[in-house]
Amino acid sequence: MLTKHLTPRKWVGLLVSLSFLIWYAFCLPRPLFDAPLSVVLESRDGQLLNARIAADEQWRFPPPDRIPERFETALLTFEDQRFYHHPGFDPIGLGRAIVQNLRAGRIVSGGSTLTMQVIRMSQENPPRTFLRKVQELILATRLELGYSKSDILKLYATHAPFGGNVVGLEAAAWRYFGKPPSLLSWAEAAMLAVLPNQPGLIHPARNRQALFQKRNRLLQRLAEEGNLDALTLELALEEPLPNAPLPLPQHAPHLLGSVLSHGQSGRLRTTLDAQLQQQVNSLLRRHQEQLSANEVHNLAALVLDVETGNVLAYVGNIIGAGTVHDEWVDIIPAPRSTGSILKPFLYAFALQEGLITPQRLLSDIPMRLSGYQPENYHEDFDGAVTAERALIRSLNVPMVQLLSAYGLEKFHYRLQQIGLTTLVHPPGHYGLPLVLGGAEGSLWEITGTYASMARLLNHTYDLNGAYNPNDFHAPKYLPAPVPSVPVQDAPQPMSAGAVWLTFQAMQQVERPSSEGGWKTFESSRRIAWKTGTSFGFRDAWAIGVTPRYAVGVWAGNADGEGRPGLVGVKAAAPVLFDLFKLLPVSGDWFATPYDNLKNTVICRKSGYQAQPICPKDTVAVPRTATGLRPCPYHELVHLDSTRSFRVHADCYPPALMQAVPWFVLPPTEAHYYVRHDPGYTPLPPYYPGCEDTGGTPMELIYPKYPTRILVPRDLDGSRSRTVFMVAHRSPETAIYWHLDEAFLGTTLSFHSMELDPSPGAHLLTLVDEQGHRLEQRFEIVQQEE
């Protein structure tokens, strides 16, 4: 009924008021500021690591968590002393500004509060008019209703201009003083408080004296109000102004690039340790200076916390190597040829399934498997070597043989299962060289996998020895929980027992010369570590792990150029051990996972499951290991009564024969093995009149199989000669050589002959003095001129 008493004029007034209230409620834009922000990367304790300029080419940091007390005090003293008591505008300040402007006959004071200045900045500083001032006043009251005083201060501190392309308090503190706002002195805070007042006219690069006087007047006001004592004031007045803007910290530029490539923005608090990151940067620069003498220009390192998988230091490349040497390429996530760095994974998988024990002998002889002929780095062979020593010495031939026995497809699947996503091709694409560097891996994933293996060991007792899939996860540089996966639903790529035995072998890898005597000192750190060198000397790797840390190092050239001497143990390993020296020392080592191990009886000489005639040892193997093969090398040999000759019942009285267990390697293995183990005893010769009733005691070393031999030409243009080699179970036996039925000569003890067959097919025939015969066909292919 009230509406009956409303006149048309009152109706208009009511509608105008209602419209104004609606406009007032929604007059502030959302968001208030839409200017792009810099991407800021911080360490785990909030220290600035890196920043990227905003899209509009301004240094504008995201809003701070809080405003430092000194800057707030200086700012409010200079700009808005009644900030905490007015509703967005200051009637006293406005009145004073009007009087000053009337006396001057021009605008000399705007009377704006900080809230009004925030409104003005949100509108990109439009021309000053009376109507604009009224609008700012109204919007300021609305801002006060919607935001707390603290939020308004943060908006001001984020968007106030500080001269040039510096916007906001935090960017100004870093650009002018090289420090965070929380560490500003009174003089520095006062300078930044007065700077937004006229940043285009007065700043450190223009009208410095006016800025200096303006700052000092504010310092004196602060002292008069009791904020500074006399000594602090005296010292503050003497502080000089900054000179040219300083560059922002660049402690983790490649990680910042990774962040941006993943679409992340704003202020990012990472897991990095600021002090360690700077130390790693400095250490890598020193090593890169040495490596550059060999034209090796790029170096990268990753330090992980094993327990969490958190990245503690991330140096993707050396800034300073130069753009011509791809200093901005982040090596850490880049796929690179792995070299031998995957061998411990194969060793652990084989232990897991019982294919080997650490002491089991692997063949180390010239061989060709599936058309591939591997060679050891030192171009020598041991004949037979334990699996553990093959890993420690990073021998290629035994590892390729082990991969062939384990299964290429299975190994490929297991690598993907533990987190190597760079294996994008089917197993056949890589072949057996997969374990020697025939595939690509990233420092990020490989270091993370070694950290996961250590984490599995650390957590074994927490889970009563059960495998936990959460232990195998990628590293992370942003704090985030690891996704939970039900334990019972996850496959088990490797057990704690297999990992522990693998790490036991890896800590025996011979360290660089500077670390050679590490076992002598009780304070020395125990590290399970491994190196890798890619084909063509293009990539040098070194990765080490302890119960607390995993460290990965890569050295090389980002463009893939190989360099002589670019090998893991020389280029990457010294960096690895220097990095571990930066980390806290702990005497702890991985606890033995007894619940994941079992004792088994093996042959002391071969490492296979012991036969009754074998000398025996008891060793620990993973509980998952089943089906260990019996020893193939021990056999009962029948000797005469003097134990000097082999005999058999057809040529010697059985009552006088003595059955003796004998460790017998195949002829080729024995040929190389005896060079490294003088204690190896070959089989005795046969008793005069006794004939060997078994197979031939000879075995070709080269050519081992029917093959085509390409004969290159020497520097003088002549055709090179080919060395043919054969092993005999009794090396002192004479062997008679024939080529295409033509007699060539006789060898004793060292059975090799350098020949120059004509191009075409040939038949090599070998006959020993007992009449044993061995034949091999081959074809000579002449290199084209």
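About the thresholds
- Residues numbered from 1 in each chain as written.
- Predicted model: local features only at pLDDT ≥ 70, side-chain atom pairs only at ≥ 80, totals over all residues.
- Heavy atoms only, no water.
- Helix = DSSP H or I, 4+ residues; strand = E, 2+ residues; numbered from the N terminus.
- Rg over C-alpha atoms; globule rule 2.2 N^0.38 Å.
- Buried < 20%, exposed > 50% of the residue type's maximum accessible area, 1.4 Å probe, protein only.
- Contact = heavy atoms within 4.5 Å.
- 1 Å grid on protein atoms, 1.4 Å probe; cavity = no way out; pocket = protein on both sides within 12 Å on 5 of 7 lines; lining within 4 Å.
- Points joined across faces, edges and corners; volume = space filled by probe spheres on them.
- Nonpolar A, V, L, I, M, F, W, Y, C, P; charged D, E, K, R; others polar.
- Disulfide = S-S within 2.5 Å.
- Axes fitted to C-alpha atoms, helices over the stretch in contact; angles between N-to-C directions.
- Parallel < 35°, antiparallel > 145°, perpendicular 65-115°, else oblique.
- Phe/Tyr/Trp six-rings, centres within 6.5 Å; stacked < 30°, edge-to-face > 60°.
- Lys NZ or Arg CZ within 6 Å of the ring centre and 35° of its normal.
- Salt bridge = Lys/Arg side-chain N within 4 Å of Asp/Glu carboxyl O.
- pLDDT = per-residue confidence, 0-100.
- Pairing = 2+ DSSP bridges.

Enquirer: I'd like to hear about the overall build of the protein, residue by residue, with values.
Expert: Helix and strand counts for the protein stand at 21 helices and 26 strands. Over its C-alpha trace the protein gives a radius of gyration of 39 Å, far above what one expects of a compact globule, namely 28 Å for 785 residues. C-alpha atoms of the protein, sized along the principal axes, occupy 140 × 70 × 60 Å. Counting across all 785 residues of the protein, residues that qualify as buried make up 53%. The long-range share in the protein, meaning contacts at least 24 apart out of those at least 6 apart in sequence, stands at 66%.

Enquirer: So what's going on with the layout of surface pockets? Which residues, and what values?
Expert: Quantified by volume, the second largest pocket comes out at close to 1100 Å³. As for the second largest pocket, its lining consists of 37 residues, and the residues nearest its centre are Tyr377, His378, Arg393, Ser394 and Thr533. For the lining of the second largest pocket, the secondary-structure elements that each account for two or more residues are α14 (387-392), β12 (528-533) and α20 (568-581). In terms of residue class, the lining of the second largest pocket is built from 13 nonpolar, 14 polar and 10 charged.

Enquirer: Give me the lowdown on empty space enclosed by the protein, citing residues and values where you can.
Expert: Inspection of the entire model under this criterion finds one cavity of 30 Å³ or more. By volume, the largest cavity is sized at about 50 Å³. A breakdown of the residues in the lining of the largest cavity according to their chemical character gives four nonpolar, four polar and two charged.

Enquirer: Pulling in residues and values, what's your account of the state of the cysteines?
Expert: For the structure shown, the criterion picks out one disulfide. Between the sulfur atoms of Cys651 and its disulfide mate Cys690 the distance is 1.6 Å. Taking the sign of the S-S torsion, 95 degrees for the link of Cys651 and Cys690, the bridge is right-handed. A residue pair is termed long-range when its members are at least 10 positions apart, and Cys651 in the loop between β17 (634-639) and β18 (658-663) and Cys690 in the loop between α21 (667-676) and β19 (698-702) qualify at 39 residues.

Enquirer: Give a detailed account of the packing of helix α13 (residues 343-353) against helix α16 (residues 408-417), specifying residues and quantitative values.
Expert: The interhelical angle for the contact between α13 and α16, taken along N-to-C directions, is 110 degrees, at an axis separation of 11 Å. Here α16 runs roughly perpendicular to α13, going by the angle between their axes. On α16, the residues touching Phe345, Leu346, Phe349 and Glu353 of α13 are Lys410, Phe411, Arg414 and Leu415. Residues that form the contact of α13 with α16 fall into these classes: five nonpolar, no polar and three charged.

Enquirer: Explain helix α19 (residues 496-506) to me, and be specific about the residues and the numbers.
Expert: For α19, the tally of buried residues reaches 11 of 11 residues, placing the bulk of the element in the interior. Every buried residue of α19 is accounted for by Ala496, Gly497, Ala498, Val499, Trp500, Leu501, Thr502, Phe503, Gln504, Ala505 and Met506.

Enquirer: Could you give an account of the packing of aromatic side chains, naming the residues involved and the relevant values?
Expert: Scanning all chains against the criterion turns up 18 aromatic pairs. On the numbers, 6.0 Å between centres and 85 degrees between planes, the contact of Tyr608 with Tyr633 is edge-to-face. One end of the pair, Tyr608, is in the loop between β15 (597-603) and β16 (616-622); the other, Tyr633, is in the loop between β16 and β17, with 25 residues separating them in the sequence. Tyr608 sits in the buried class, given a relative accessible area of 6%. Taken together, the ring pairs in this structure connect Tyr608, Tyr633, Phe663, Tyr673 and Tyr680 into an aromatic cluster. The aromatic ring of Phe83 is capped on one face by Lys149, whose charged end is 4.5 Å from the ring centroid. In this arrangement the basic side chain of Lys410 is found over the ring face of Tyr406, its NZ or CZ atom lying 4.6 Å from the centre.

Enquirer: Help me get a handle on the pattern of salt bridges, residues and values and all.
Expert: Counted according to the given criterion, the structure contains 18 salt bridges. Its salt-bridge partner being Asp56, residue Arg60 comes within 3.0 Å of it at the nearest N-O pair. We classify Arg60 as buried; its relative accessible area is 7%. Taking the relative accessible area as the measure of exposure, Asp56 reaches 30% and is therefore partly exposed. The salt bridge involving Lys581 is made with Asp578; its shortest N-O contact spans 3.6 Å. With Lys581 and Asp578 both in helix α20 and three residues apart, this pair spans about one turn of that helix. For Asp578, a relative accessible area of 23% corresponds to the partly exposed category. Several salt bridges converge on common partners, so that one network encompasses Glu42, Glu170, Arg267 and Arg269.

Enquirer: Pulling in residues and values, what's your account of unusual backbone geometry?
Expert: The phi torsion of most residues other than glycine is negative, and most of the peptide bonds are trans. Across the junction of Tyr702 and Pro703, the peptide omega takes the value 0 degrees, indicating a cis bond. Mapped onto the secondary structure, Pro703 falls in the loop between β19 and β20 (707-711). Unusually for a residue other than glycine, Ser394 sits at a positive phi of about 55 degrees. Inspection of the secondary structure assignment puts Ser394 in the loop between α14 and α15 (396-406). Looking at Ser394, the relative accessible area reads 18%, which means it is buried. At Phe537, a position not held by glycine, the phi torsion is positive, near 55 degrees.

Enquirer: Describe in detail the confidence of the model for the protein, supporting the description with residues and values.
Expert: Predicted confidence across the protein gives a mean pLDDT of 87, with 90% of residues reaching 70 or more. Put simply, helix α3 (residues 91-104) is where the protein has its lowest mean pLDDT, 65, and strand β7 (residues 311-315) is where it has its highest, 98. Ignoring residues within four places in sequence, the model shows residues 484-490, a span with pLDDT below 50, making nine contacts including any to other chains.

Enquirer: Before we move on, can you summarise the sheet that holds strand β1 (residues 39-42) with the specific residues and values?
Expert: Reading across from one edge, β2-β1-β5 is the order of the three strands in this open sheet, with mixed pairing throughout. Looking along the sheet, the strands with just one partner apiece sit at the ends: β2 (48-52) and β5 (267-269). Strand-to-strand twist across the sheet, computed as the mean angle between neighbouring axes with direction ignored, equals 15 degrees. Bridging between β1 and β5 involves three bridges; their strand directions are parallel. Bridge pairing links Glu42 to Arg269 in β5.

Enquirer: Account for the side chain of Thr546, with residues named and values stated.
Expert: As for its placement among the helices and strands, Thr546 is situated in the loop between β13 (539-545) and β14 (549-556). The buried category is assigned to Thr546, whose relative accessible area is 5%. Setting aside its immediate chain neighbours within four residues, Thr546 contacts Val306, Ala454, Arg525, Arg526, Ile527, Phe580 and Phe590.

Enquirer: Summarise the sheet that holds β14; cite the residues concerned and give the values.
Expert: The five strands are arranged β7-β6-β14-β13-β12 in an open sheet whose pairing can be described as antiparallel. Strands with a single pairing partner mark the edges of an open sheet, and in this sheet they are β7 and β12. When the angles between neighbouring strand axes are averaged without regard to direction, this sheet yields 10 degrees. Bridging between β12 and β13 involves six bridges; their strand directions are antiparallel. Each residue of the ladder has a partner; that of Ala528, found in β13, is Val545. Packing of helix α12 (residues 274-291) onto the sheet brings it into contact with β6 (298-305), β7 and β14, and relative to β7 it is tilted by some 35 degrees.

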